[in-house]
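As a plain string of letters, each chain reads:
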Number of protein chains: 6
Amino acid sequence: MQREDNRQADELRPIKITRDFQSHPAGSVLIEMGRTRVICAVSIQFNVPHWMRAQNVPGAWLTGEYSMLPSATGDRKMREATAGKPQGRTQEIQRLIGRSLRAAVDLKQLGAFTLYVDCDVIEADGGTRCASITGAAVALQLAMRKLFLEGRLKNLPEIKPVAAVSVGIVDGLPLLDLCYKEDAAADVDMNVVMNGDGKYIEVQGTAEEKPFTRAQSNSMLDLAEKGIKQLFECQKKALKI
Amino acid sequence: MQREDNRQADELRPIKITRDFQSHPAGSVLIEMGRTRVICAVSIQFNVPHWMRAQNVPGAWLTGEYSMLPSATGDRKMREATAGKPQGRTQEIQRLIGRSLRAAVDLKQLGAFTLYVDCDVIEADGGTRCASITGAAVALQLAMRKLFLEGRLKNLPEIKPVAAVSVGIVDGLPLLDLCYKEDAAADVDMNVVMNGDGKYIEVQGTAEEKPFTRAQSNSMLDLAEKGIKQLFECQKKALKI
Amino acid sequence: MQREDNRQADELRPIKITRDFQSHPAGSVLIEMGRTRVICAVSIQFNVPHWMRAQNVPGAWLTGEYSMLPSATGDRKMREATAGKPQGRTQEIQRLIGRSLRAAVDLKQLGAFTLYVDCDVIEADGGTRCASITGAAVALQLAMRKLFLEGRLKNLPEIKPVAAVSVGIVDGLPLLDLCYKEDAAADVDMNVVMNGDGKYIEVQGTAEEKPFTRAQSNSMLDLAEKGIKQLFECQKKALKI
Amino acid sequence: MQREDNRQADELRPIKITRDFQSHPAGSVLIEMGRTRVICAVSIQFNVPHWMRAQNVPGAWLTGEYSMLPSATGDRKMREATAGKPQGRTQEIQRLIGRSLRAAVDLKQLGAFTLYVDCDVIEADGGTRCASITGAAVALQLAMRKLFLEGRLKNLPEIKPVAAVSVGIVDGLPLLDLCYKEDAAADVDMNVVMNGDGKYIEVQGTAEEKPFTRAQSNSMLDLAEKGIKQLFECQKKALKI
Amino acid sequence: MQREDNRQADELRPIKITRDFQSHPAGSVLIEMGRTRVICAVSIQFNVPHWMRAQNVPGAWLTGEYSMLPSATGDRKMREATAGKPQGRTQEIQRLIGRSLRAAVDLKQLGAFTLYVDCDVIEADGGTRCASITGAAVALQLAMRKLFLEGRLKNLPEIKPVAAVSVGIVDGLPLLDLCYKEDAAADVDMNVVMNGDGKYIEVQGTAEEKPFTRAQSNSMLDLAEKGIKQLFECQKKALKI
Amino acid sequence: MQREDNRQADELRPIKITRDFQSHPAGSVLIEMGRTRVICAVSIQFNVPHWMRAQNVPGAWLTGEYSMLPSATGDRKMREATAGKPQGRTQEIQRLIGRSLRAAVDLKQLGAFTLYVDCDVIEADGGTRCASITGAAVALQLAMRKLFLEGRLKNLPEIKPVAAVSVGIVDGLPLLDLCYKEDAAADVDMNVVMNGDGKYIEVQGTAEEKPFTRAQSNSMLDLAEKGIKQLFECQKKALKI
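What you see is a predicted model, and the numbers here were worked out from it, not measured in a lab.

Trainee: How would you summarise helix H6 (residues 214-239) of chain A if you had to cite specific residues and measurements?
Mentor: Between its terminal C-alpha atoms H6 of chain A stretches 37 Å, which fits the 38 Å expected from 26 residues at 1.5 Å a residue. Among the residues of H6 of chain A, those classed as buried are Ser 217, Met 220, Leu 221, Leu 223, Ala 224, Gly 227, Ile 228, Leu 231, Phe 232, Gln 235, Ala 238 and Leu 239 of chain A.

Trainee: Residues and numbers for the environment of Gly 59 of chain B, please.
Mentor: Here Gly 59 of chain B lies in the loop between helix H1 (50-55) and strand E4 (61-68). Along the sequence, Gly 59 of chain B and Ala 112 of chain B sit 53 residues apart, while their C-alpha atoms lie 5.3 Å from each other.

Trainee: With reference to specific residues and values, describe the relation of the copies chain B and chain A.
Mentor: Between the two chain copies there is a screw-like relation: a rotation about an axis and a shift along it. For the pair chain B and chain A, the relating rotation is 180 degrees, the translation along its axis is 0.0 Å, and the fit reaches an RMSD of 0.0 Å. Both copies are brought into coincidence by an operation consistent with a two-fold rotation axis. Interface residue correspondence from chain B to chain A reaches 100%, placing this contact among same-surface, isologous pairings.

Trainee: For the pairing of E4 of chain B, give the residues involved together with the corresponding values.
Mentor: Residues and elements named next belong to chain B. Within E4, 6 of the 8 residues are buried, leaving the element largely enclosed by the surrounding structure. Note that E4 and strand E5 (residues 114-123) share 8 bridges and pair parallel. The residue of E5 that forms the bridge with Gly 64 is Val 117.

Trainee: Before we move on, could you go through the packing of aromatic side chains and cite the residues and values that matter?
Mentor: Tallying each qualifying case throughout the model produces 18 aromatic pairs over all chains. For the pair Tyr 200 of chain A and Phe 212 of chain F, a centre-to-centre distance of 5.5 Å together with 55 degrees between the ring planes defines the contact as tilted. Residue Tyr 200 of chain A is found in strand E9 (residues 200-207), and its partner Phe 212 of chain F is found in the loop between strand E9 (200-207) and helix H6 (214-239); the two belong to separate chains. The pair Tyr 200 of chain A / Phe 212 of chain F is uniform in exposure class, with both members buried. With centroids separated by 5.4 Å and ring planes inclined at 80 degrees, the aromatic side chains of Trp 51 of chain C and Trp 61 of chain C adopt a geometry described as edge-to-face. Placement of the pair is Trp 51 of chain C in helix H1 (residues 50-54) and Trp 61 of chain C in strand E4 (residues 61-68), with a sequence separation of 10 residues.

Trainee: Please give an account of the packing of helix H6 (residues 214-239) of chain B against helix H6 (residues 214-239) of chain C that cites residues and values.
Mentor: Between H6 of chain B and H6 of chain C, the least distance of the axes is 13 Å, while the angle of their chain directions is 160 degrees. One element, H6 of chain B, and the other, H6 of chain C, form an angle in the roughly antiparallel class. Between H6 of chain B and H6 of chain C lies a crossing of right-handed hand. Contacts between H6 of chain B and H6 of chain C involve Arg 214, Asn 218, Leu 221, Asp 222 and Glu 225 of chain B from the former and Arg 214, Asn 218, Leu 221, Asp 222 and Glu 225 of chain C from the latter. Residues belonging to the contact of H6 of chain B with H6 of chain C are distributed by class as follows: 2 nonpolar, 2 polar and 6 charged.

Trainee: Hey, could you go over helix H4 (residues 128-149) of chain A for me, with residue numbers and the actual values?
Mentor: In this model H4 of chain A runs 31 Å from its N-terminal to its C-terminal C-alpha over 22 residues, within 8% of the 32 Å that 1.5 Å per residue would give. Most of H4 of chain A sits out of view: 19 of its 22 residues are buried.

Trainee: Describe the nonpolar core, naming the residues involved and giving the relevant values.
Mentor: As a rule of thumb, soluble globular proteins bury nonpolar side chains together. Core analysis: the largest hydrophobic core is formed by 442 residues, its most contacted members being Leu 115 of chain A, Leu 115 of chain B, Leu 115 of chain C, Leu 115 of chain D, Leu 115 of chain E together with Leu 115 of chain F. For Leu 115 of chain D, the contacting residues outside a window of four places in its chain are Val 42, Ser 43, Ile 44, Ala 60, Trp 61, Leu 62, Thr 63, Leu 107, Leu 110, Leu 140 and Met 144 of chain D.

Trainee: Tell me about the arrangement of the chains, residues and numbers included.
Mentor: These two, chain A and chain D, are apart from each other, with no contact and a minimum C-alpha gap of 11 Å. Nothing in chain C touches chain F, and the closest approach of their C-alpha atoms is 11 Å.

Trainee: Tell me about the sheet that holds strand E2 (residues 27-33) of chain E, and name the residues and values.
Mentor: All names here are of chain E. Strand order in the open sheet formed by 5 strands is E1-E2-E3-E5-E4, with mixed pairing between adjacent strands. The open sheet is flanked by strand E1 (15-19) and strand E4 (61-68), the only strands paired with a single partner. Within this sheet the neighbouring strands show an average axis-to-axis angle of 15 degrees, counted without direction. As paired elements, strand E3 (residues 36-45) and strand E5 (residues 114-123) share 9 bridges and run antiparallel to each other. Looking at the pairing, Arg 37 lines up with Glu 123 of E5. The strands touched by helix H3 (residues 88-102) are E4 and E5; relative to E4, the strand with the most contacts, the crossing angle is about 140 degrees. In the packing of helix H4 (residues 128-149) onto the sheet, the strands contacted are E1, E2, E3, E4 and E5, and the crossing angle to E3 comes to about 35 degrees.

Analysis parameters
- Residues numbered from 1 in each chain as written.
- Chains lettered and ligands numbered in written order.
- Predicted model: local features only at pLDDT ≥ 70, side-chain atom pairs only at ≥ 80, totals over all residues.
- Heavy atoms only, no water.
- Helix = DSSP H or I, 4+ residues; strand = E, 2+ residues; numbered from the N terminus.
- Expected span 1.5 Å × (residues − 1).
- Buried < 20%, exposed > 50% of the residue type's maximum accessible area, 1.4 Å probe, protein only.
- Least-squares fit on C-alpha atoms with pLDDT ≥ 70 in both.
- Contact = heavy atoms within 4.5 Å.
- Pairing = 2+ DSSP bridges.
- Phe/Tyr/Trp six-rings, centres within 6.5 Å; stacked < 30°, edge-to-face > 60°.
- Axes fitted to C-alpha atoms, helices over the stretch in contact; angles between N-to-C directions.
- Parallel < 35°, antiparallel > 145°, perpendicular 65-115°, else oblique.
- Left-handed = near helix turned anticlockwise from the far one by under 90°.
- Nonpolar A, V, L, I, M, F, W, Y, C, P; charged D, E, K, R; others polar.
- Core = buried A, V, L, I, M, F, W, Y, C linked by side-chain atoms within 4.5 Å.

Pasting the structure below:
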């Protein structure tokens, strides 16, 4: 099978990270992976959730939120505010974003802050949760720099690299960075979140149509590792001062 | 009082309308008025709401929806899906957008379609509801053209010009197109929606701090008319084929 | 067109304000404008909302609530408690009532009170939001007197006159105080809230069917002013000691 | 203990039933029992709930709804639409009203109608659920007459008498028709719904403070029977043509 | 009519109370009445609701909760978490459980605890609310013992016996402890909650199909008393140390 | 580290599957893995969701639901019906159960049924989602047999084996089937769902505290495979006729 945009099986779509896309949040980027576009913002609130205060938990809290514009997808998607609650899929992604970003920063070294990581999908063409994580990691770094420059933090905390990519099995072949069409046709779909040491923060493999073997799992993980290394390069470039 | 960006009292902020900003909806634009940025999209569903079918109401239905990204404002705004329902302010704006756009098109001449007009604020610096209406009028025109080109409509329906602008009284002086800071300091705040004949579709004047006179109302309406004429020019330019 | 009840174009429906309609709230009236009947009550709670305490905002808070009995309208209206949330129209009216009444009293001069202004429509025949505001202004005055007599307030605060009326264009003619039938047939519908100096607190004009000109707007404002002057007389009479 | 208004232990408060209190619903009354005032309305919708159509259940459906104005009680009560759902107490009363009124009419003999029985408390001084049932039974009769006169029903269906009253044990003594103060001080609180044959439709006795004996239960039932007979007289008077 | 399981009219179904059914809550039992099975648990939280703290109400709070597994009934029951709120029936039962258990213990003599009484129906064959109360009374006693043994309570508080049973009129005959089939066919349905002195805590009689007389009420109360005495024996046996 | 119950690193807790635990659903089991106990039920509704009918999708639908009794965990868990919506964690698990069970049966070969897979946790000590899947696979098989015996299905459909187990890294060592204490202390937590061919239906690995390597992932997958083979034996035993 020829990939829609003539990509090789192990090739990412073109990536672009636009820094400081919004002016209000502490950190903000627009990340584009092919036609998938996500605004990732990190906003800081200078207190912690009620339960942390009640239990005297030290340090900061970080929470991820994710949404799609109704007009971001092929068939218009009803607003979740209209439905009255976030969908299961949304909550699953929000929890994944939160866990992934909490792996990037030692929250205990920060003050009593809440960090809101907002990922809003402007256009969806597959891989939105992975693009969200990759973009949000850059926005988090930008937010920490801003807090440090404003004197809110004595030291610039270390932000560990975190990035994510989707892989899958389509027509029996492992592919890197699935677009929507490929994702819809995939037998297996896997999302991989890694850190800068090449270790896994999260691996979620799902047999949409056909169960998969350990060998297939390993091929997908190989592709993911290759893609994530390139994503780390893009992040570094976007963060250059 | 000097205006923040050296504008005259009767001067609009720089306007930019980017056409076809998203690929999925039938019509889509990004409208920018100064730092205020709104994605306006018109999506078509090829049926009508249940109540119209039940009552055999002919023609199409058009509904407006409005939201702000949490990261669009100075203090992060909680997602309405988290709160479980749209806020009062949101519902007020959605109803205004719906009424304004329904004045632009004869829905009875269309088929059994539902037109969703989605206005999503990417960055807010005052005047977001007016920018939404002005941008959505362009997206509506683009959507009609697309339907016509796809053969879904036999004739291209006439879309009447509709645009909106905010005016106000700040420090006793009438000003056109308030930014957030001016809006927060305004004694009176007025939103005006007009059609191409210079007639009013909606006038909403609110004394935030000080009640206003008929004379002040007339000064504000004069400014609004001047501003809206320029907005019609921008819309025309954006719609040029 | 003959008006249903032989009224002149500039004539209000019969008005009646019954004082102390309920015994529990601090102030309460039943206002009747023709067949439209609304119970307006002002209840006092001796604390302020959480956000005011958190931000140390001095003075009182005033909030408006509005509802219709299911049996108040031609077709029975589903309860909003059943629907799970107030409708957009309700929220719009609640916000209007709140803004209008906040213009009647200097909340900073009161203690840390919350004033609930409840407007409950017993029977609806057009103009319910305007009747709500006109009646609530009387209930607010009664509530202040009661607080003063009970020694809760050292001085009786000044309550500025506030009243509201609907006007519209029906069959091309401007009419004062539309009943439901007229409202349903109107090309333009305008709600005007004024204070005792003849200044506007709120003007909301909506082209239901046909856009309107400045001249038409002025004719409607003239009618509104005439009607509101009479409403001020009714309020005064109801407040006589 | 002297009763607040010098009533005997077996004496009802003054009752007044005002017929045709609202003009829109098919039947409507205002019932007053002392200071307790309730608007009872019966509205007809000319179809049945989805589940009845789906299961082909013949005849009509009747459902009870109950609410209090926020200003009806001593401390202002939050609106249930604001809370997002009816409280447990409300649902309990709604179910009681529905069951009681369904005992008054043979729904299988009516067409595919839904009868909404709306009981809205304007002022609360104890016994609101019983007043609701007693008033609603009159409104139901009025609604049936109207349907018959309009030719919607071939025969005027028989409406069996139904009325309700509260009884209780206060300071060890059985009392009829408790006002709020008595209810708050009661050891036992019982609501009794009877039909015209002196049979029970519903008996709900609750030990608020002290468990009660069979003898006490019988004393309360005796009082209730006495009171309900008088309520039947009031209903008849209100229904006289 | 022969009863399904050859029971006499005044015979209970086989009862079994399994103590310490769960390990986490302070007290827990599985109660079985015929095929009806309910898990009753009492969990302790070492604080009181916000409104008690705000009003300085001394002592503990006790609240009842009730639910059915979706798979507990003949036709699968939708989860209330999916529906977004507890049904009216559920709320009615929860309030009944709370009132009944609060009659068993003097909450003012306990510390600032909240006692959650959770009744979860594993299988439903009629009488679930009564089985819940009877089982929860045992779990409450077990929980108090545990608190005392853990040194959380200086004295073991007295738990007064409380038990409940359903009775009804089926085919004109009074029956004790209705199973689902009998309940569905009953003309009258009555739930009785008693204490150890043979006094009533709650009596709720409902004419499902036919109004009932005082004599019928008395026959049902006689049956209930007989059944509840046996339930007290079962409770005692289950509580033996 | 010694495991709490002297288990080896690669040893499952004692497993027990009680068949036909409830009488109403088509299939039902109680599964126990150590102290973790889950009721798994499969209920059949003889129609499909609205969206399937609307789009003419052939075959059956299967949906998973999951809940915990409030009393199932160490600290009592608030009911989701009280909160008004399922939590994110619940939705994530429900989606996982649904996907896993849909892999066990070819829904296109069934009629227009909806299969509800309800997993209700009676007691939680780690691994509840995996126990749910393993138990539900047995309940699904039982339900299919029942449908076939009742003549609702012409052929007994093939149910492919599906089972799940949790694995993790605790104190640097890979462990099989974590109990709650181990799960709370784990650096990595992985849930594995496999079919009878040893292929993966789902793999979800999460670094709770420390990112993990490919080698660690492989050790965990080895343990999981070992455990799942034993689970298949237990399932077979439970299904023996």
